[in-house]
Amino acid sequence: MTSSPAWRVARVDRTCVRLVAADPETGAPRTGPAAGPVVRLRPGGVLDAVVGEPVAPAVGDAVVPAPTDADPDRFLLAPRRSELVRDSVDRTAGTQVLAANVDVVLVVEHLDPEPKLGRIERLVTLAWRSGATPVVVLTKADLVTDAPQWLDDVARVAPGVGAHAVSAATGEGLDAVRAVLEPGTTLVVVGPSGAGKSTLVNALAGGDVMATGQRRESDGRGRHTTTHRELVPAGECWLIDTPGLRAVGLVADADAVDETFPEVAELAAQCRFGDCAHAGEPGCAIAAAIEDGRLDERRLASWRTQQREVAHQARRAGDRAAQLDFRRSVRQRERDIRTYHRVTGRGGRP
Ligand SMILES: Nc1nc2c(ncn2[C@@H]2O[C@H](COP(=O)(O)OP(=O)(O)OP(=O)(O)O)[C@@H](O)[C@H]2O)c(=O)[nH]1
Ligand SMILES: [Zn+2]
């Protein structure tokens, strides 16, 4: 017996989206003919939604036929379970949804050239923010001998996040990544160009579904082979490849940053002042942890950078509520410092 398929957006083009069939029970790719209808976008590149305003569809979106038979070509976007978002390319026009309804974000970074831990931290925050679970994959393990040390470093910058070293060349580590792929789940790969994302997607899908680039020997960089995002079936789950994120516009909120830096967040909560800026205030738990080596200076610097970006983002987005919060916290800090002066009888900076 065949029930009617659930549709997902496989690909977004300028004027239309291509749908692909999912099993309505399991959410897994449908066996048999999978390609679905091509749906024209409305002016402005949007589709009507089941709930609320029309939205610009993203790869991975779930789509349902409109409940009337009047127009059999009319489809509605279902609400999203999760949303992987980044800054728009020109950093002015708001944000861009890279993928919708994602369960796992594979943060892919090459072992050769050396991995950039800061980039992993940023992408992990992006992943937490999406509502999906991050997993770090270090690629090209066949080219280096120090993969285990790098995995230790990743454990430090991404506490509580699974991390695997893999090689598409030898197959090492691929089973560990496959184990993450539960039936019906959707994975998106993110990472810099040339990290081996498309190669990994091909290895996981068990066939050449994405074109890959030849590595330039001179600098080890890829050539930006992947030019579009596409939802591809891989056994019982789905994979989404993304073009290399050149400058990762971090779209995050304070909660996502806290998830990436749980140990820093925990320390910050122990500071004497609730809004401690960790800039020399008395009773600062972060300063104490740096002092006795429990917290790494590098981690603190990354945390500060991401915090600043979140604040900047919120201001730029014209988020009035966040601005008010920010001003309130500045005023609160001023009050706390005055209190400190009064109680201790000391002048100057606390
Ligand atoms: N030695 C080795 N080379 C790899 C491995 N994985 C990928 N490569 C090579 O790295 C280069 C880049 O791989 P891609 O998969 O195209 O990289 P990408 O991240 O998809 O790049 P963009 O599409 O530009 O974002 C290719 O030449 C791959 O053959 C690996 O595990 N070992
Ligand atoms: Zn502090």
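Residues numbered from 1 in each chain as written. Chains lettered and ligands numbered in written order. Predicted model: local features only at pLDDT ≥ 70, side-chain atom pairs only at ≥ 80, totals over all residues. Heavy atoms only, no water.

Looking at an unreviewed UniProt entry, one finds the protein chain named Small ribosomal subunit biogenesis GTPase RsgA and attributed to Salana multivorans. For the record of the protein chain, the UniProt heading Sequence similarities (unreviewed entry) holds the text "Belongs to the TRAFAC class YlqF/YawG GTPase family. RsgA subfamily." Word for word, the UniProt comment on the protein chain under Subcellular location (unreviewed entry) is "Cytoplasm". (UniProt positions renumbered as here; feature names shortened; annotations may be inferred.)

Asker: Would you explain unusual backbone geometry in this entry?
Answerer: Note: most peptide bonds trans; most residues except glycine with negative phi. A cis geometry characterises the amide bond from aspartate 112 onward to proline 113, with omega recorded as -5°. With respect to the element layout, proline 113 can be found in the loop between strand 8 (104-110) and helix 1 (117-130). Of note in the backbone geometry, asparagine 101 takes a positive phi value of approximately 55° without being a glycine. Tracing the sequence through the fold places asparagine 101 in the loop between strand 7 (95-100) and strand 8. Classification of asparagine 101 as buried rests on a relative accessible area of 4%. (Helix = DSSP H or I, 4+ residues; strand = E, 2+ residues; numbered from the N terminus. Buried < 20%, exposed > 50% of the residue type's maximum accessible area, 1.4 Å probe, protein only.)

Asker: Which parts of the structure should I look at to understand helix 2 (residues 147-157)?
Answerer: The α-helix winds at 3.6 residues per turn, so residues separated by three or four positions along the chain end up facing the same way. Where helix 2 is concerned, the buried positions are Ala147, Trp150, Val154 and Val157. Each buried residue of helix 2 sits inside an arc of 75° when the element is viewed along its axis, so together they form one side. (Arc of directions from axis to C-beta.)

Asker: I tried to follow the coordination of the zinc ion (ligand 2) on my own but got confused; where do I start?
Answerer: Six octahedrally arranged donors around a metal ideally form angles of 90 or 180 degrees; four tetrahedrally arranged donors ideally form angles of 109.5 degrees. Within the protein, the atoms that donate to the zinc ion (ligand 2) are Cys271 (SG), Cys276 (SG), His278 (ND1) and Cys284 (SG), at distances of 2.2 to 2.4 Å. Relative to the metal, the four donor atoms surrounding the zinc ion (ligand 2) lie at angles of 100 to 117°, and the coordination shape comes out tetrahedral. Sequence spacing of the donors to the zinc ion (ligand 2): C-x4-C-x1-H-x5-C. You'll find cysteine 276 and cysteine 284 in the same group, each marked buried. (Donors = N, O, S within 2.8 Å, 3.2 Å for Na, K, Ca; no water. Tetrahedral: all angles 85-135°; square planar, octahedral: opposite > 155°, others 65-115°.)

Asker: Even after reading the chapter, I still don't get the UniProt feature "binding site: Zn(2+)" (unreviewed entry) in the protein chain, so can you show me in this structure?
Answerer: The feature "binding site: Zn(2+)" (unreviewed entry), as annotated in UniProt, sits at Cys271, Cys276, His278 and Cys284 in this numbering. Here cysteine 271 is to be found in the loop between helix 6 (262-268) and helix 7 (285-291). Discounting residues that sit within four places of it in the chain, cysteine 271 has contacts with Cys276, His278, Gly283, Cys284, Ala285 and Ile286. Within the fold, cysteine 276 resides in the loop between helix 6 and helix 7. Look at cysteine 276 and you get buried, because its relative accessible area is 10%. When residues no more than four places from it in sequence are discounted, the contact partners of cysteine 276 are Cys271, Glu281 and Cys284. (Contact = heavy atoms within 4.5 Å.)

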